[in-house]
Amino acid sequence: MAIVKRKTKRGTAFQVKVKGVDGRWITETHYDAKLAKKRELELSEMKEAGLPVKSISNSLTLSQYFGAWHEHTKDGNTSAGWRNSQIQMFNSYIHESVGTIKLRQFGPAHVQKVLNGAKRLGRSPQTCLHLYNLMHKMFEDAVELFEIMQRNPVLKTLKPRVPTKESKYLNPDEARALLGFVRGKAYGVAIWLQVLVGMRIGEVQARSEERRVGKECRSRW
């Protein structure tokens, strides 16, 4: 990496030269020394972050960016299952539709194309919302974290609306009938805890696992 100072008709130019991951040199010309130094540092950080630095302003496609972005964020506080679902969602609804679009050319119309495609396939509003959130986060990082875009094309006005459903609850007679039905069954205690204490399924499972581990420990001692 280097900054080459040259004289031009416009004045003193500063050429930022960075060797990309493909072995080719990327050259950007700036007429401000501080801006050139900042750009050199940005490109260096992008390479270290795993971004496929080539002709970063023109050549990076959405699919290329997704691969690098996903790799860069792998050490976050997200489960492997959730990350796999991101890959599957991108490949199923985004890659085939707009994956070859250059990152800097990507606009709100492309976002709408992805969402409309999911709707045509009969996907639920919740699935469309997941797609929206994935794209919004990708481009938010492109703007804020990597600084390779000026604005996020995933506009709030494009966010899918998910119909709200009123929660259904058992009335007292229905609750008593259910508790009577599960009395003495293997899963009866779990149902009683949920109905009378309000525990969620995950909480019941966690409590059951704690008891199982506790019994194993006591039996060993």
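Residues numbered from 1 in each chain as written. Predicted model: local features only at pLDDT ≥ 70, side-chain atom pairs only at ≥ 80, totals over all residues. Heavy atoms only, no water.

Draft legend 1. Spotlight on the overall build of the protein chain. Helix and strand counts for the protein chain come out as eight helices and three strands. Reading the secondary structure of the protein chain in the N-to-C direction produces β-β-β-α-α-α-α-α-α-α-α. Burial statistics for the protein chain: of 221 residues in total, 33% are counted as buried. Put simply, of all contacts in the protein chain between residues at least 6 apart along the chain, 48% involve residues at least 24 apart. Carbon and sulfur atoms provide 52% of the accessible area of the protein chain, an area that totals close to 15,100 Å². (Helix = DSSP H or I, 4+ residues; strand = E, 2+ residues; numbered from the N terminus. Buried < 20%, exposed > 50% of the residue type's maximum accessible area, 1.4 Å probe, protein only. Contact = heavy atoms within 4.5 Å. Areas by Shrake-Rupley, 256 points an atom, 1.4 Å probe, with all protein chains shown as cover.)

Draft legend 2. Focus on the environment of Arg 151. Relative to the helices and strands, Arg 151 is located in the loop between helix H5 (125–144) and helix H6 (172–182). Considering only alpha carbons, one finds Arg 151 and Phe 139, twelve residues apart in sequence, at a separation of 8.1 Å. Sequence-distant contacts of Arg 151, defined by excluding residues within four places in its chain, comprise Pro 108 and Val 143.

Draft legend 3. Region of interest: the packing of H6 against helix H7 (residues 188–197). Running from N to C, H6 and H7 cross one another at 160°; their axes reach a closest spacing of 9 Å. Taken together, the axes of H6 and H7 lie roughly antiparallel to each other. With respect to the hand of their crossing, H6 and H7 are arranged in left-handed fashion. Along its contact with H6, which presents Ala 175, Leu 178, Leu 179 and Val 182, the element H7 presents Gly 188, Ile 191, Trp 192, Val 195 and Leu 196. In the contact of H6 with H7, the residues fall into eight nonpolar, one polar and no charged. (Axes fitted to C-alpha atoms, helices over the stretch in contact; angles between N-to-C directions. Parallel < 35°, antiparallel > 145°, perpendicular 65-115°, else oblique. Left-handed = near helix turned anticlockwise from the far one by under 90°. Nonpolar A, V, L, I, M, F, W, Y, C, P; charged D, E, K, R; others polar.)

Draft legend 4. Spotlight on the packing of aromatic side chains. One pass over the full model with this rule turns up three aromatic pairs. Seen from their ring centres, Phe 66 and Trp 69 are 5.9 Å apart, and the 40° between their planes marks the pair as tilted. Taken together, the residues span about one helical turn, with Phe 66 and Trp 69 both in helix H2 (residues 62–72) at a distance of three residues. Trp 69 matches Phe 66 in its accessibility class, with the two residues each being buried. An angle of 0° between the planes, with centres 3.9 Å apart, marks the rings of Phe 66 and Phe 90 as stacked. Pair noted here: Phe 66 is in helix H2 and Phe 90 is in helix H3 (residues 80–98), with a separation of 24 residues, a long-range link. (Phe/Tyr/Trp six-rings, centres within 6.5 Å; stacked < 30°, edge-to-face > 60°.)

Draft legend 5. Representation of the pattern of salt bridges in the model. Taken as a whole, this structure holds two salt bridges when the rule is applied. Ionic pairing is found between Lys 137 and Asp 141, a salt bridge with its closest N-O pair at 3.2 Å. Of this pair, Lys 137 and Asp 141 both sit in helix H5, four residues apart, which is roughly one turn of that helix. Residue classification places Asp 141 among the buried residues on the basis of a relative accessible area of 7%. (Salt bridge = Lys/Arg side-chain N within 4 Å of Asp/Glu carboxyl O.)

Draft legend 6. Inspection of the side chain of His 70 at higher detail. Structurally, His 70 is set in helix H2. The class of His 70 is buried, set by a relative accessible area of 10%. Within the structure, His 70 has its side chain in polar contact with the side chain of Gln 86 (distance 3.5 Å). With residues near it in sequence (within four places) discarded, His 70 still touches Arg 83, Gln 86 and Ile 87. (Polar contact = N/O pair within 3.5 Å; in protein donor to acceptor, adjacent residues only side chain to side chain.)

On their own, these measurements won't tell you what the molecule is for.
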